[in-house]
Amino acid sequence: MLAKLMGYFLLGLVRVLTGSQARWYGCPPKAEQRIYFANHQSHADLVMIWAALPEELRSITRPIAARDYWTKSPFRQWITSAVFNAIYVERQAAPPATGAPPGTPEPGPTPAVPSIPPSPEALRAALPDTDPLAPLVRALESGDSIIIFPEGTRCHGDDPQPFKSGLFRLAQMFPHVVLVPAWINNVQRVIPKGEVVPVPILCSVTFGAPIALEPGEERRPFLDRARRAVMALREV
Amino acid sequence: MNAFLRSLTTTQQIGALFLVVFGVLSLFTLWGFVRSLRGVPDGDADAASERKAKARRLRALLQTSWAMATVFWVGWVLGDTAATVLFALVAFFALREFITLSPTRRGDHRSLVLAFFVVLPLQFVLVGTRHFDLFTVFIPVYVFLALPVVSALANDPQRFLERSAKLQWGIMVCVYGMSHVPALLLLDFPGQEPGRGAFLVFYLVLAVQTCMVVQHLLGRRFPHQPVAPAVSQSFQWASWLAGVAVGGLVGGLLSFITPFKPGQALGMALLACTAGSLGHLVMKALKRDRGVTSWGMQGQSVTGAGGLLDRVDALCFAAPVFFHSVRWYFGL
C-alpha cells in the first residue's frame, strides 16, 4: 500500500519536473514480453523510463538497477524493490571473455567455433548462478519484460558508448522476446553528475522499431546495429 | 437592465460575467458540433479535407478557450491566494518549456535551480502580498544581477553571455510577465470596491485574445505578403492592424466593467493588443531561432498538442505593459 502511494507520488513528481513523455515511434505499447534497451546518462534514467510506460506495462516491466548504487541506503533499496520492482545486477559487468559460461562458442573467427550454435535452452541451462546476467535471465524466464542499459555505465559524452555483450547473450537465450530500442532525451540536464536538486526540463523517451538477432549474426555486428538503432531515435 | 446589474454586488457581477462567457462558449461549441454533422457531397475530396481541417482548427480554438475560461473560473472561485498559486503553476510550466529549448550547460544548473525554486515563488509571493513596487523591480534589477553571478561562480565561460541572456529572457517572459495577471487581479482602485480586478483581467484577456484570433483569421482569409517571412509566414501589417483595431474596439465596448471611460478603455485596449500581438511575433522569432514551431516537445508530441507557452505568450507580453500603464495613468 505504501509502495503504491510512493509510486503515485514519484510518478506525479517526475511528471511535474520532466513531463516524462513516451513517444511510441516504432512500435505500440503492447503487453508482450520485451527487452527495452536504452542509453544511460544518469541514475534517474530508470525512473524516467518507468514513468513513461503506461500503467499496464509498468506492472509487468522490471528495470535493471545497479546493486552497488541502489542498495546503499535502506530507502533506496526499498524504492527500487517495492516501488519499481527492479532487478539488482552487479555492476562489475561481465566482460565477454571471462564472463562467457562454459560450452558457448568462443567469440572470434577461430576454428574452435562448433558448426551448430547451442540451442537457447542449452545456453540458459549452462549459465552459472554467479553470472551477472543470471537475475535478468530468471526474470525473463518467468515472463517479465525488462529494461536494460547495454552501455553498462553512465555515459557523459554525446554519443552512447559501445554496447557490452549482455544484450547479445540475452537475445541468443530468448529468441522469442521482442527487442525494443529506446532513447531517453534530456535527462542529463535534469540532474547532472554531482548535483542534488533537479531542474524541471521536459524529457521524453522515444521507443523505436524492434530489432531481432539474425541467424548467424556475430556479437559485435549485432551490438553495433543495436547501438545505431538507439542513436537513430535521437533524431526523431 | 443597467440598474439591475449595478445593484448586484461585485461577486455576483463577476459570477454573471462567467455565466455569459461559458454561455457564449457553449453556443460556439454547439454550433461547431452541428456544423460537423453536415454531410459532405461525395466525390469532392478537396472540400472534404478542407472542411475537416477547418473543423479541427475550430475545435482546437474552442478547447483552448474552454481551458482558459475554466482555469480563470477556478482561480476566481477559490479566492485571491488560490488564483495567485494557479498562475504561479502556469508560469512554472511555461518556464519549463522555455528552458528545455534553451542551450544551458552544466554551469547553469545552480542558476536554473534558483530560477525555478526561489525566484518564481518569491515573485508570486510578492504579488500575493501586494508589494507592487518591489515586485516590479525584483526580477529586472536584483535577479538580473544575481543569476549571472551564480553562473559565473560555476566556472564555465563558454557562451556565457548567450546562456545568461536566454535565462533572463525566459524569466522575464514566463515569470515576470505571467505574474502581472494576478497583480491585475489584486489591484485596488480608490473609490471602487475591492475585487473589481477580476473584471480588469477579463477585459485584458478578452481584448488580447480577440486581437490574436481576428489577426489569425483575417490573415488566412485575405493573405498578403508576409512582413518577415523568415520569422513568421502569417504576420502581415493589414491583418495585424485589423486585429489590433478589433481588439481595441472590444475593449472600448467593455469599458462599463472597468474604471475607465470609454475613450480611456479604447486606448488601453489598443495598447494591450499591440503589446500582446507584437510579443507573440517576438516569441515566433525565438522559436525559429531554435528551429522549432512550437514550445511543446519539439512540436512533435504524441498528443499533437502545442505547448502551454504558445498559448499564453501574448498575455505574458500584454499584461506588464497594461498593468504599468494603468498604474501610471491612475497614479496608483
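Residues numbered from 1 in each chain as written. Chains lettered and ligands numbered in written order. Predicted model: local features only at pLDDT ≥ 70, side-chain atom pairs only at ≥ 80, totals over all residues. Heavy atoms only, no water.

Below, the discussion takes up the pattern of salt bridges. Oppositely charged side chains can form a pair if their charged atoms are brought close together. Residues and elements named next belong to chain A. Across all of its chains, the model carries 18 salt bridges over all chains by this definition. A salt bridge links Glu 32 to Lys 30, with the shortest nitrogen-to-oxygen separation between them at 3.7 Å. Owing to a relative accessible area of 23%, Glu 32 belongs among the partly exposed residues under this scheme. A residue is classified by how much of its surface remains accessible, and Lys 30, at 48% relative accessible area, is partly exposed. (Salt bridge = Lys/Arg side-chain N within 4 Å of Asp/Glu carboxyl O. Buried < 20%, exposed > 50% of the residue type's maximum accessible area, 1.4 Å probe, protein only.)

For an interface, size is often stated in terms of accessible area lost upon the parts coming together. With 19 residues of chain B at the interface, the matching set in chain A holds 26 residues. Summing both partners gives a buried area of about 1800 Å² for chain B against chain A, and 58% of it is carried by carbon and sulfur. Along the contact surface separating chain B from chain A lie two salt bridges. Note that Arg 106 of chain B and Glu 195 of chain A form a salt bridge whose closest N and O atoms lie 3.4 Å from each other. Across the contact surface, chain B and chain A share 10 residue pairs in polar contact (both at pLDDT 80 or more). Every element with two or more residues in the side of chain B that touches chain A is listed here: helix H4 (80-100) and helix H5 (109-128) of chain B. In terms of residue class, the side of chain B that touches chain A is built from nine nonpolar, six polar and four charged. (Contact = heavy atoms within 4.5 Å. Buried area = accessible area lost by both parts, 1.4 Å probe. Polar contact = N/O pair within 3.5 Å; in protein donor to acceptor, adjacent residues only side chain to side chain. Helix = DSSP H or I, 4+ residues; strand = E, 2+ residues; numbered from the N terminus. Nonpolar A, V, L, I, M, F, W, Y, C, P; charged D, E, K, R; others polar.)

On to the pairing of strand S5 (residues 145-148) of chain A. All names here are of chain A. Here S5 shows two buried faces, one formed by Ser 145 and Ile 147 and the other by Ile 146 and Ile 148. The sheet contact formed by strand S2 (residues 34-38) and S5 spans three bridges and is parallel. Counted as the bridge partner of Tyr 36 is Ile 147 from S5. Sheet topology places strand S3 (residues 61-66) next to S5; three bridges connect them, and they run parallel. Across the sheet, residue Arg 62 finds its bridge partner in S5, namely Ile 146. (Pairing = 2+ DSSP bridges.)

What follows concerns the pairing of S2 of chain A. Residues and elements named next belong to chain A. The buried count for S2 comes to five of five residues, which makes it a mostly enclosed element. Because side chains alternate across S2, one face comprises the buried residues Arg 34, Tyr 36 and Ala 38, and the other comprises Ile 35 and Phe 37, equally buried. Where S2 meets strand S6 (residues 178-185), five bridges bridge the pair, whose relative direction is parallel. Paired with Ala 38 across the bridge in S6 is Ala 182.

Remember that the coordinates give geometry; whether it matters functionally is a separate question.
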